[in-house]
Amino acid sequence: MPQNVEKAIDLLTENGYKAYAVGGCVRDSLLGLSPDDWDIATSATPAQTEEVFRNYRVIETGIKHGTVTVIIDKAPLEITTFRVDGQYKDFRHPESVSFTAEISEDLGRRDFTVNALAYNHQEGIIDCFRGKEDLKNRLIRCVGEPDERFNEDALRILRALRFASVLGFDIEKNTAESILRNKHLLKSIAAERIQKELVKLLCGKNTEDVLLKYSSVIFTVINELEPLYNLKQINKYHIYNAWEHTVHSVSSVQPTPKLRMTMLLHDIGKAKCATTDEKGISHFYGHPKVSEEMADKILHSLKFPNKFIESVLILIKNHDAWVYNNPQKLNRWLYQIGEENLRDLLEVMRADILAQSPKFNNRLELIDECIKKIDEIIS
């Protein structure tokens, strides 16, 4: 543990209280990862915590829910009293919380077993719900009854998918069935929260598997994607239907929010533009423009920043422009959309090709040549 975390736990323990590092920091440490945040749970009430840290700067960040932030070694630490949540009425927040002296009761209110872990140096790992076993078996499983957990906080449905994607875990059978059964509850969750979980999910190493297995959950969040699910693409360039192509393209591009969101939405207008000629060949004339217009509404509804939206729309609008066939026009492209967008556009085109028939992978060499040409122009 970082020194300031150890110091906080030791101070609380020396004053007669129980204290542990809890949640994701314990999970990540056991997986050999470096935690982004360290949270501490304690039997001390907020007032008692403030007294223990009277010689430190204390901020009452979430006093209603038992949380205070203590600045130790110039770094903020959230310290929360063990608690039990009251009734949930909005599928997101408990109506009330009550404090408890038992760590087991605090861990019992958490979402997944791998997050219901606590640790301090004196007692070691506190694992009341087989979280270590699920970590070993690479499983995401709800603490207790899945339907209850998701009805308490519907965002946990997306969080389960996010953890499966980021950690490369499977979702336990009962938890998976409950996710599909309760996915409609996501409609009650604020767009900003949906956006954050969706982006993390898309940038995970296991996103392809999650998007294919839980496509109906993604369609609940962005229902404009659903028409792609059974949309056939019968032409020489494609070996997948429109949704499968979309998913493969997402996993084929670099895991940045901008590029992954671009690939998720780049063909969203295809269903509106689909035609079949007399030979039975599929065509999607004008779909980049329609996709751009649809993506504009979706990204705004999910509360993405304006600058982010602007960049994604440029990429969607031009994703079918075959820039790599015209290296002599790269100067014009650089002038029109800028270096960063042009480099991103070539990566979008690369991912698009990788999600099509491998017979046409020779186009990847053209993209590499264009990147070299851009380097020359810029230098």
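Relevant structure appears above.
Residues numbered from 1 in each chain as written. Predicted model: local features only at pLDDT ≥ 70, side-chain atom pairs only at ≥ 80, totals over all residues. Heavy atoms only, no water.

Here's the deal with helix α17 (residues 330-337)
Phase 1 of the analysis: All of the buried residues in α17 are L330, W333, L334 and I337. Within α17, the buried residues cover an arc of 100° as seen down the axis, which keeps them to one side. What points out from α17, more than 90 degrees from its buried face, is the exposed set N331, R332, Y335 and Q336.
Phase 2 of the analysis: Residues of α17 that are buried sit in contact with α16 (306-318), α18 (339-354) and α19 (363-378).
Phase 3 of the analysis: Of the residues trailing α17, G338 is marked for its positive phi of about 90°. (Buried < 20%, exposed > 50% of the residue type's maximum accessible area, 1.4 Å probe, protein only. Helix = DSSP H or I, 4+ residues; strand = E, 2+ residues; numbered from the N terminus. Arc of directions from axis to C-beta. Contact = heavy atoms within 4.5 Å.)

Brief notes about the packing of helix α9 (residues 191-202) against helix α13 (residues 257-265)
What describes two packed helices is the angle between their axes and the distance between those same axes.
Phase 1 of the analysis: Running from N to C, α9 and α13 cross one another at 90°; their axes reach a closest spacing of 9 Å. When the axes of α9 and α13 are compared, the pair comes out roughly perpendicular. Where α9 abuts α13, its residues L198, V199 and L202 lie against P257, R260, M261 and L264.
Phase 2 of the analysis: For the contact of α9 with α13, a count of residues per class yields six nonpolar, no polar and one charged. (Axes fitted to C-alpha atoms, helices over the stretch in contact; angles between N-to-C directions. Parallel < 35°, antiparallel > 145°, perpendicular 65-115°, else oblique. Nonpolar A, V, L, I, M, F, W, Y, C, P; charged D, E, K, R; others polar.)

Some remarks on unusual backbone geometry
Phase 1 of the analysis: A positive phi angle, close to 55°, is found at D73, a residue other than glycine.
Phase 2 of the analysis: Tracing the chain through its elements places D73 in the loop between β4 (67-72) and β5 (75-81).
Phase 3 of the analysis: Backbone geometry at K74 places phi at a positive 70°, although glycine is not the residue there.
Phase 4 of the analysis: Of note, K74 is situated in the loop between β4 and β5.

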